[in-house]
Every structure is written in structure tokens, then in C-alpha cells.
Amino acid sequence: MFAEVVFPLPFRNSFTYSIPSEFQDQVMIGIRVVVPFGKRVLTGFVINVKETTEVKEKIKPIRDVLDTQPIFSKESLKFYEWVSDYYLSSLGEALKNSVPYGLDVESKKTVVSDKEYCAQLLVKEKKENSTRAKLLKVLSERDTYKINYLQKLVKRKSIYSVLKTLEKIGAVTILDEIEDSKIKIKKVKFISLNKSVDEVYEIMPEIERNSPKQVVILLELLSSKKKSIQQSDLLSKTKSNQSSLNSLEKKNLIKIELKEVERVYKETYNEEIQNFDLTEKQSEIINEVSQNINDQKFTTYLLHGITGSGKTQVYIELTKLAVKKKKAALILVPEISLTPQITSRFFNNFGNSVCVIHSRMSLGERYDTWRGIIKGKYNIVIGPRSALFAPLENLGLIVVDEEHDQSYKQYDLVPKYNARDAAVLKAMFSNCPVILGSATPSLESMNNAKTGKYKLIELPERVDNAKLPKIKLIDVTLEKKKNRMVGVFSKTLLEAIDERLTKKENVIILQNRRGFATQVYCDDCGEIDMCESCTVSMVHHINKNIMKCHYCGAVKPVPRACKNCGSMAIKFFGVGTQRVEDEISYHFPNAKVERIDSDTINRKGKLGIILNSFRKGEIDILVGTQIVSKGMDFSNVTLVGVISAETSLWLPDFRADERTFQLLTQVAGRAGRSKEEGEVIIQTQNHKSFVLQKVLDNNYNEFYQKEIMLRQQSQYPPFSRIALIEIKDEDDQKVKQAVNDFHRRLMQFSDKLQILPPNEAIIFKVKGIFRYQIMIKSLRRIDPNGKILRNAIMNAYVDYNQKSRFRDVKVYFDIDPQSVM
């Protein structure tokens, strides 16, 4: 028997291996295997098993099998094939998403150096900047390195030939070591009685005379309702030590055994279970979608429901129907910030058949949850974009909540998939309905609904007769003239906050920028303090009094003088969440203020703790970035303030208007979600802006009509499909030549595609790497499924890889990018 195996590496063909007789029953489609690959050992995915092969070369055997149950089936493999084909990755790279990080078994090369000899060779080296010189310098400082770390230090990939010559002369030794997976099944010791209750009581007086601590252990085991107790818990409770347990084991009175323990992620946020009476509209939607769940029929629904209209309850009721039919349900949310509330509500309804998958979980928790899904312990999975690849079989329903959110797009790893679009295809392959829900649907999704590709279903009213909040636009330029601005707050907003706090109501304040000041500059020469590795300004963080780059994470002290002219006139400009928190605490010293942004919620469970306190009324004012705009449902929030509406409006991106409308409408929807009427105050520098006027009117349809017309005129999505080619390297001149070379190869396809000239990326340098981009537009009327676009990119890439002298410069593809920055 032979197995076809693919690897999570950037080549697109599969490799054939023979199956040894001891693995014949274990190797099947969807199983991971450990195999030799060249001089390495790698983990690969089995995508086919066959009895014969046409391969003429010597076929190597499989070394080991890692799974007892398949991760994916022959049917679900079709979905991964689509992901790899559409987003231009290898099948192995797509399948890598189906497995938690840290499970690979692979060989890693370790270089052991003779430091003194390397130092001697370095002195004799004539070319200081050669790869050999750089390697010798590093190798003379330490005696062991992993080869990939060496490559990173010398900033060169091709170091093998130099290392081989150094090995021949005895300067280094190269070792091949097989590294096991980083995560293991957790096993702990459990203690149980090894004799009957009567026998234990009979022997107890004798033990009590010699070792009273052993009696305490026996009494705890006798009184416990559990058959066995975890050793650490038992020792802690009885204040005993290991030697007492060892003595009892020698006397054959207790049994110590290793048992597997599941690491379960505990959500710190919780809500009381509530019973809801469904509205007429909710019932209509549930009845319509449930028919497709029953018939196992694929349909894409766009659920356009205003904020507070009860979309989550619709998801819960439909999940109940799927579970009743012995089907699984997948609930996608855009970010971790949304999981605490929605998870709590699903747990209240479905108990332990629900699991969560996201990056705040430990590696062990993710691994055990993943294994639980494969075993069928969990049939409802909730999580952000990565949860799309959870190994759920027999899907009956997929939900994509807040479908407009750009965080569904994977932007830093290959394949750069969009979880919303991929969820639609997953539902098609699974023969089940998929619901895309939002109060502010993306233009692409609404256009699909208008053209009949999706079925539009609507919830136009809030539940419990709650009213939409009143929205006010405050022009800060006019307020300044009237002397009504106090720091970053208008007096109108401060008065409204004061009124709400007096009534013991809660307030949410949005400022979509982290830090204290977003720029630090010299008032004399105008020099802005920039990051040395990125073309962005450093941000002042007042709590640690540091300057920090939000792109590469670089940190440096706050400058005391201008490094350009030496002037002491250093000014802080721009507003971040820290400054908003600082000022609001000054204005309302008796109010409890809490900040939510990625700086404050990086500790596990912290977000849930803050939201619990806010729900109970222990926090009065919540200040945050866009996290506070997403899905938060608190009945006591009656005021939402937006410090600056322009943070996303002025971005040089064709989606800037859409993003701003969505963000402001969503955050406005956090107010007045019960009987108390809500109010929203938005501070702006241009109150006449069309986008802000439509937010003011809460008029999605008029915004959509104008924006879709502009997109059609500019031939942007949904009327075209775009791809962004990004080429980057630490050598500016080299990457500039490489991007021009790649563009020249692309231009042979310009008869059917609009290929824009190469440009510097808007953020030109990140982490010391220079970035150039080529944007390609493919009109949908000519290329409806994007095949012409993808073929052109792949043909140009193959040609570039084979013939270009710049082929060592990295090229990245992004199909349907959500940002062009």
C-alpha cells in the first residue's frame, strides 16, 4: 500500500511513501504521518491511500503515525483544496490550519561550534560583510545554535554551503536532531483506596499510633464522594507530604495511578440564563432557516438586523434545531473580545457540548479541545477565524456573526483566507445553511443579496420595544471657537457623562487609538520621533513612560530633547485611549473607569473579569478601542461617546468610508438596549461628512446606495476582484528591482486584467523590511470566479522563480485583501 502525503511547505505537489505492514490499518485519509523528506524528517498529511503507484524512484517508508482518528475526511478535504486553490497556497499549508500549533514532529539541525577556532578564522577573514564573516562572528560568541536562528542572526537563508566548508575544517559540527511535538497529553497522579472501607477502618488504630498524618489521608479518601482524588489536591487539603503517600502505597492501602486530565479553558465572564419571547420576525427567520437544516440544503442567508434586534437569540434557536437533528454547529465571531458574552449564552443553553477555540487559550487547552472535537465530545464550536478549521464533522449550521468585520481576514500567514467567504464554501461542501449576520453588512455581502446570490432576511426593530439611541454630532472646530473644549472632551460630552453617572447609568467611550499621545515632535524644527525599523511614528505610553512602535514592538525612552536640533521644546500630539482614560479620571474622580485595548487585556481572562464588573455596575465608564464596539450587550449603558470620528475616515484605503460607517453605527448600538433611551455623542472635525450624516440618520440603505455607486465607478469590489502582490526585503534597491521584474512578467496578462504600476506600500518599512506592492483588478463580468486572475499570478510567479535573478526576494499574494496599507 502507498500513501500520498502533503507538507505544510510552499510547494504544490504531493509525495508518495510506502506503508509498512505494522501501519496498514492505521494509515488513511486525514491522518498525520512522520516521514523522511530529503535529509530531514517532517510531519505530513495523508490525502490518498492506494494499492499501486507509478513512481519509478526509490520509495521511502512511513516512519510513524501520529493520529488514531482522521482529522479530516475525503469530503472535508475538498474544502481545503478550495482554500489552497483560491488563496494560492499549497494544500499542505491549508491543511496546517486543521491542527493546533505545536504538534509537528520534525528534524532540526543544530550547529555546535569551536568558539576559539571560529574566532581565529574570523581574524583572518578579509571581507567583513561576507556571509562567512558574519557566521564566524556569531559562532565565536556561543557554542550551539539552531540553524534557523543562525539564519535569522546573519540575515541570510543560504548558509548551508558555508557551514559545510566550516564543518570540513573542524570549526563546526552539524547535528540532526528529531524534535518531538511541543504539546503532550497531560497526565497526573490520582489516589484511591486499595482496600474495602471495613479493612481500612480495621487497620487505622495501628497506623494512628505511628503516623497520624497517614490517618488524615485515609479519612479524606473515605469521606470523599469521588472514587479517586488528584494527588496535588489531596496533599494540599490534608497538609501532608509525598512520603506519607509512599508509605500507604507500600502497605497496599492506597493505589497511585496516572490518569489523563483534560485542560479546559474557563471563561471568566458569566451571565444569568434568561428566557426570551421571540418576536414575530425572529420566529419567521427561524422557521425559514430550519427548513434548510432539516433538508440538509445549502443556502447563504444575509441576516441584516439592527443593533439590539436579537440576532444572537436567532443563532441559539437555530443551533438547538441542528443539535436536535444530531448535527454540529460552528459559530464564528470576529475577535476574542466577542467570545465572552456569546460563549456564556451558548453555555447557558447547551452546557458542556460547547467549546471555544481562540489564541488566548494555552497550547494545552487548545490541544485538548481539538481532541475533544475529533472524539465528538463537543458539537458546538465558537471562536474567531481559526475556528473555521475545527475538525467538526456532520455540520448542520454555520453562523458568521458581525460578518462585515475585517478581522475575519488572515493577513500575516499563508493562506491569507477570509473566514467569512471560506465559511460559505464550507457550508456548500457540508450541505448546510450558513448565516452571515450584521447590523452593517459589508458592501460585497449586501450586493450578493441584492443580486440574488444570498437570501436577505431582516430584523428591522429592537427587541423588548427598545428604541434606537439619539445621535448627536459635535463639531470640535466650532466648540474650540466657543471655548467649549476641555482637553479632548467637548463640554457637551462631559455634561452628558455627568448626567448619566448621577442616574447611576453606564457610559462607553470609544477612541480607536492605543497609547497616550500618538506622536511626539519638536516644536522648533518639526521633527517627529519615528521608529528606526518602521516608517511610523512612535506612540507615547504614559503608564510606563515609554515610546513604543505598534508595528514592530520596539521600545525606547521618552526623548528629553530633539535628536535633530537639540531643542527641549518636545510636544505630545494626538489622542490615545490612555490619555482619554487619564482625562476622564480627572473630570470624574469618584467614577470607576476601566480601559479595554490590547495593552490592558493581554492577560488571560482579563477581558471577562472587566466585563463581569461592568455588567454588575462595579465599573461606571468603559474606555476602549474598537473592541468596545463589537457585540457588547449591557442594558445599563445609556451613553456612548466617540472622541474622534476621523481616526478611520482619513485612512488612504478605498474601504475607509465603509469601515467608519460600520464602526460608528456599531458603537452607537451599544447604547439604550433596554427601556432606558440611549444617547450617542460623536465628536468630529467635519459634521457635514456624508458618512457621518448617514450614521446620524441610522440609514444603512442610503449609505449603501451611494457607496456602491462610487465602487462601480472606480471598479473596486464587489464589481472587481482584487489581488495585492507584496514583495519585501531588507535591501531597498534589491526589492525595488525585484518588484519591477515581477511587474514586467505580469504585464503579459494585461489584456484581461488591470495591473497597476508597482508602488511603495503606504507603511513602507516594517521591522526593517522594505515593502512594495502591485495591485491587480479583475472585473467580475470578464472573470466571474477569479480564475484568470489566479492563473496570471501563478504563471508570473513560476516564470519569476525560474528566470529572475531576484528570485531570493520574497513574494506574497493576497487575494481579496481587506486593507491595502
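Residues numbered from 1 in each chain as written. Predicted model: local features only at pLDDT ≥ 70, side-chain atom pairs only at ≥ 80, totals over all residues. Heavy atoms only, no water.

Novice: Explain the overall build of the protein to me, and be specific about the residues and the numbers.
Specialist: Assigned secondary structure in the protein consists of 25 helices and 36 strands. Computed over C-alpha atoms, the radius of gyration of the protein comes to 30 Å, within 12% of the 28 Å expected from 2.2 N^0.38 for 821 residues, which places it in the range of a compact globule. If you line up the protein on its principal axes, its C-alpha atoms span 85 × 80 × 65 Å. Counting only residues that meet the buried cut, the protein has 54% of its 821 residues in that class. Sequence separation of at least 24 residues holds for 75% of the intrachain contacts in the protein that already meet a minimum separation of 6. Accessible surface for the protein amounts to roughly 39100 Å². Of this, 48% is attributable to carbon and sulfur atoms. (Helix = DSSP H or I, 4+ residues; strand = E, 2+ residues; numbered from the N terminus. Rg over C-alpha atoms; globule rule 2.2 N^0.38 Å. Buried < 20%, exposed > 50% of the residue type's maximum accessible area, 1.4 Å probe, protein only. Contact = heavy atoms within 4.5 Å. Areas by Shrake-Rupley, 256 points an atom, 1.4 Å probe, with all protein chains shown as cover.)

Novice: Tell me about the nonpolar core, residues and numbers included.
Specialist: Formed by 118 residues in total, the largest nonpolar core has its most connected members in L388, I596, I725 and F742. The contacts of L388, once residues within four sequence positions are left out, are F79, L330, L332, Y417, A419, A422, A423 and K426. Of all hydrophobic cores here, the second largest spans 25 residues; its members include I286, Y301, L318 and I380. (Core = buried A, V, L, I, M, F, W, Y, C linked by side-chain atoms within 4.5 Å.)

Novice: Outline the pairing of strand 32 (residues 720–729), supporting the account with residue identities and numerical values.
Specialist: Of all 10 residues that make up strand 32, 9 are buried, and the element is covered over most of its length. Bridging between strand 32 and strand 35 (residues 769–779) involves 10 bridges; their strand directions are antiparallel. For K728, the partnering residue across the bridge sits in strand 35 and is R771. Where strand 32 meets strand 36 (residues 810–815), 6 bridges bridge the pair, whose relative direction is antiparallel. Bridging from a neighbouring strand, I727 pairs with V811 of strand 36. (Pairing = 2+ DSSP bridges.)

Novice: If you had to explain the sheet that holds strand 8 (residues 172–179) to someone new, which residues and values would you point to?
Specialist: Sheets are built from strands paired through backbone hydrogen bonds, the pairs being either parallel or antiparallel. With antiparallel pairing, 3 strands are arranged side by side in an open sheet as 7-6-8. The outermost strands of the open sheet, each flanked by one partner alone, are strand 7 (144–146) and strand 8. Taken over all neighbouring pairs, the strand axes of this sheet differ in orientation by 30° on average, direction set aside. In this sheet, strand 7 lies alongside strand 6 (residues 106–113) in antiparallel orientation, the contact comprising 3 bridges. Paired with T110 across the bridge in strand 7 is K146. (Axes fitted to C-alpha atoms, helices over the stretch in contact; angles between N-to-C directions.)

Novice: How would you sum up the sheet that holds strand 10 (residues 229–230)? Please name residues and give values.
Specialist: Pairing is antiparallel across the open sheet formed by 3 strands, whose spatial order is 10-9-11. Lying at the two open borders of the sheet, with one neighbouring strand each, are strand 10 and strand 11 (254–260). Two strands pair when backbone bridges link them, and strand 9 (residues 187–193) and strand 11 are joined in this way by 7 bridges, in the antiparallel orientation. Residue pairing across strands places K187 opposite E260, the latter belonging to strand 11. Across the face of the sheet, helix 10 (residues 242–250) comes into contact with strand 9 and strand 11 while running at roughly 115° to strand 11.

Novice: Break down the packing of aromatic side chains for me, with residues and values.
Specialist: Applying the stated criterion across every chain yields a total of 29 aromatic pairs. Counting every residue linked through ring pairs, the aromatic cluster contains F45, F72, F79, Y80, F389 and Y417. K728 extends its terminal NZ or CZ atom over the ring of Y812, reaching a point 4.8 Å from the ring centre. K777 extends its terminal NZ or CZ atom over the ring of Y716, reaching a point 3.9 Å from the ring centre. (Phe/Tyr/Trp six-rings, centres within 6.5 Å; stacked < 30°, edge-to-face > 60°. Lys NZ or Arg CZ within 6 Å of the ring centre and 35° of its normal.)

Novice: Pulling in residues and values, what's your account of the side chain of S228?
Specialist: Relative to the helices and strands, S228 is located in the loop between helix 8 (212–223) and strand 10. We classify S228 as buried; its relative accessible area is 13%. Side chain to side chain, S228 and K259 meet in a polar contact 3.0 Å long. Excluding residues that lie within four positions of it along the chain, S228 makes contacts with F190, I191, S192 and K259. (Polar contact = N/O pair within 3.5 Å; in protein donor to acceptor, adjacent residues only side chain to side chain.)

Novice: Quick one: what's the story with the packing of helix 4 (residues 131–139) against helix 5 (residues 147–154), residue by residue and with numbers?
Specialist: Running from amino to carboxyl end, helix 4 crosses helix 5 at an angle of 120°, the nearest separation of the two axes being 10 Å. Read as a crossing pair, helix 4 and helix 5 show a hand that is right-handed. Contacts from K134, L135, V138 and L139 of helix 4 reach helix 5 at L150, L153 and V154. Of the residues in the contact of helix 4 with helix 5, the class split is 6 nonpolar, no polar and 1 charged. (Left-handed = near helix turned anticlockwise from the far one by under 90°. Nonpolar A, V, L, I, M, F, W, Y, C, P; charged D, E, K, R; others polar.)

Novice: Before we move on, can you summarise the pattern of salt bridges with the specific residues and values?
Specialist: Under the counting rule described, the total for this entry stands at 49 salt bridges. K137 is paired through a salt bridge with E141; the nearest N and O atoms lie 3.2 Å apart. Judged by relative accessible area, K137 falls into the partly exposed class, the value being 47%. The partner of D808 in a salt bridge is K734, with the nearest N and O atoms 2.7 Å apart. (Salt bridge = Lys/Arg side-chain N within 4 Å of Asp/Glu carboxyl O.)

Novice: Could you give an account of the environment of T16, with specific residues and numbers?
Specialist: You can see T16 is positioned in strand 2 (residues 15–18). Owing to a relative accessible area of 18%, T16 belongs among the buried residues under this scheme. Between the C-alpha atom of T16 and that of P61, which follows or precedes it by 45 residues, the distance is 9.1 Å. The residues contacting T16, other than those within four sequence positions of it, are F2, A3, E4, T53, V55 and I59.

Novice: Tell me about unusual backbone geometry, and please be specific about residues and values.
Specialist: Residue P415 follows V414 across a cis peptide bond; omega there is 0°. Relative to the assigned elements, P415 resides in the loop between strand 16 (395–401) and helix 15 (419–430). Across the junction of P717 and P718, the peptide omega takes the value 15°, indicating a cis bond. One non-glycine residue, K326, lies in positive phi territory at about 60°.

Novice: Quick rundown of helix 24 (residues 732–746)? Include the residues and the values.
Specialist: For helix 24, built from 15 residues, the straight-helix expectation of 21 Å at 1.5 Å per residue is met to within 8% by its first-to-last C-alpha distance of 21 Å. By the burial criterion, the buried members of helix 24 are V735, A738, V739, D741, F742, H743, R745 and L746. (Expected span 1.5 Å × (residues − 1).)

Novice: Which residues make up the state of the cysteines, and what are the values?
Specialist: The tally for this structure, following the rule as stated, stands at 0 disulfides. Counting only cysteine sulfurs, C565 is the nearest neighbor of C522, a cysteine outside any disulfide, at a range of 3.7 Å. Residue classification places C522 among the buried residues on the basis of a relative accessible area of 1%. (Disulfide = S-S within 2.5 Å.)

Novice: Tell me about the side chain of S567, residues and numbers included.
Specialist: Note on placement: S567 falls in the loop between strand 26 (555–557) and strand 27 (570–573). With a relative accessible area of 11%, S567 lands in the buried category. With residues near it in sequence (within four places) discarded, S567 still touches C522, D524, A561 and C562.

Novice: Describe the environment of E679, naming the residues involved and giving the relevant values.
Specialist: When you line up the elements, E679 lands in strand 31 (residues 679–684). Along the sequence, E679 and V507 sit 172 residues apart, while their C-alpha atoms lie 9.9 Å from each other. E679 has contacts with P469, K470, K472, A496, R500, T638, L639, V640 and A671, leaving out every residue within four places of it along the chain. Side chain to side chain, E679 and K472 meet in a polar contact 3.3 Å long. A distance of 3.0 Å separates polar atoms of two side chains, one belonging to E679 and the other to R500.

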